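Summary of the model geometry
Take a look at the letters that make up each chain.
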Amino acid sequence: MKTAPILLAALSVLAGCAQNPQNAEEFRQYIPRATFGAKQTYEVERPWQEVAKTFQARAPECLNVSVRTVESGGGSYSNVLATYKPTVVVGASRAELHLQRKLKGNVIVPGKEPEGGNYMLVADATPVGRGRTRIDVYAPSLGADTLVKTINGWASGKNLGCPDMTKH
Amino acid sequence: MHGRARLAALAVVFAAGCAGTRPYVNDAPANLAVRTELDRGVRATLGIHRVAADCSREYRGTVKLDRPVIKIAVPPDTPSYLVVSFDTSSFFGGARSVSAGVLLEPRPGRSYEISVAYRDSQYDVALREAGSGRELPRRDLVTCGAR
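Residues numbered from 1 in each chain as written. Chains lettered and ligands numbered in written order. Predicted model: local features only at pLDDT ≥ 70, side-chain atom pairs only at ≥ 80, totals over all residues. Heavy atoms only, no water.

**Regarding the overall build of chain B**
Applied cut-off: Working definition: helices are DSSP H or I runs of at least four residues, strands are E runs of at least two. Numbering for both runs from the N terminus. Relative accessibility thresholds used throughout: buried, under 20% of the residue-type maximum; exposed, over 50%; partly exposed, between the two (1.4 Å probe, protein chains only). Contact definition: two residues touch when any of their heavy atoms are within 4.5 Å. What sets the accessible areas is the Shrake-Rupley method with a 1.4 Å probe; for residues, cover comes only from the shown protein chains.
Regarding its fold elements, chain B presents zero helices and nine strands. Written out in order from the N terminus, the α and β elements of chain B read β-β-β-β-β-β-β-β-β. For chain B, buried positions account for 42% of its 147 residues. The long-range fraction of contacts in chain B, counting pairs at least 24 apart against all pairs at least 6 apart in sequence, stands at 65%. Of the roughly 7,900 Å² that chain B leaves accessible, carbon and sulfur atoms contribute 53%.

**Focus: unusual backbone geometry**
All names here are of chain B. One non-glycine residue, Asp120, lies in positive phi territory at about 50°. Assessed through its relative accessible area of 48%, Asp120 is described here as partly exposed. With a phi angle near 65°, Ser121 is a residue other than glycine that sits in the positive phi range. As for its position among the elements, Ser121 is in the loop between strand 8 (112-119) and strand 9 (122-129).

**Comments concerning helix 4 (residues 145-156) of chain A**
Residue and element names in this part refer to chain A. This is how the line gets drawn: Here the expected length of a helix is defined as 1.5 Å per residue gap, with one fewer gap than residues.
If you check helix 4, its first and last C-alpha atoms are 16 Å apart, about what 12 residues at 1.5 Å a residue would give, namely 16 Å. Within helix 4, the full set of buried residues consists of Thr146, Leu147, Val148, Thr150, Ile151, Gly153, Trp154 and Ala155. One or two steps after helix 4, the chain reaches Gly157, where phi turns positive at roughly 80°.

**Looking at the environment of Asp120(B)**
Worth spelling out the cut-off: Side-chain atoms alone can form a polar contact between residues adjacent in sequence; in general such a contact is a pair of N or O atoms within 3.5 Å, and within protein one must be able to donate a hydrogen while the other accepts it.
Mapped onto the secondary structure, Asp120(B) falls in the loop between strand 8 and strand 9. Within the local environment of Asp120(B), its side chain forms a polar contact with the side chain of Lys149(A), the two groups lying 2.5 Å apart.

Shown next, in the form of structure tokens:
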């Protein structure tokens, strides 16, 4: 139960300190200068088209989920439904994976929320030649470890498992 | 989120769960081997649903995946919808479960293997045709009838 509050706190800070990113590009610009944001860049030895196919295959299956969190104790009660929305965009020379999260229930989401929910993660795969691909992952620096690890596994092709989203 | 003690319940909804569970019984020769690898403290079950021609499903029972390999029989002549549920509940963490469903359309005379894994907060369910080792494309129930 440690990561969920941390992630919520991090996302709240991300969301509360400034206007919420309204699209993937704004999220890319925002994360590197956010207090609890981190951009990770590395290369994998796979053609970017293969990475794109993995994103297309795995994201809908693993990330198109809803998580309900019910908490009670100390005289308080909360019931929050988090609905995740993955989007994979494949262009002429880049594949993008976006993940948004919309919270409903006993929760206050500060700022203007884009359709589909606030951005939680963006991963870009771009070719760097000779069957290699550069991966850029933009995500909160706290509480999104499993999700980022999963994206890294998909990018490298070494682990195609799904993240347990109840841990986020 | 609060720092004080709490009870928490979380559930990821991939497929509608069934109201109650009962042990799965099928005395036919086994044609599905379930290979399970779980982190310590994680429990897993396999729910078997028979899928009718109109893609409706009928719950047939649940198998506890409490051994590394379990062999069961699924109907060889009709599709089955297999729902793997991972339970990561704990006293302090509250009730948590995550499920993944996969559609098995058996070919006559063939047997199958399903690999079930939960490691380090990541899970995977992979279906293969035994013998050939060919991994079958993972298909959800929503693809039923789409052919």
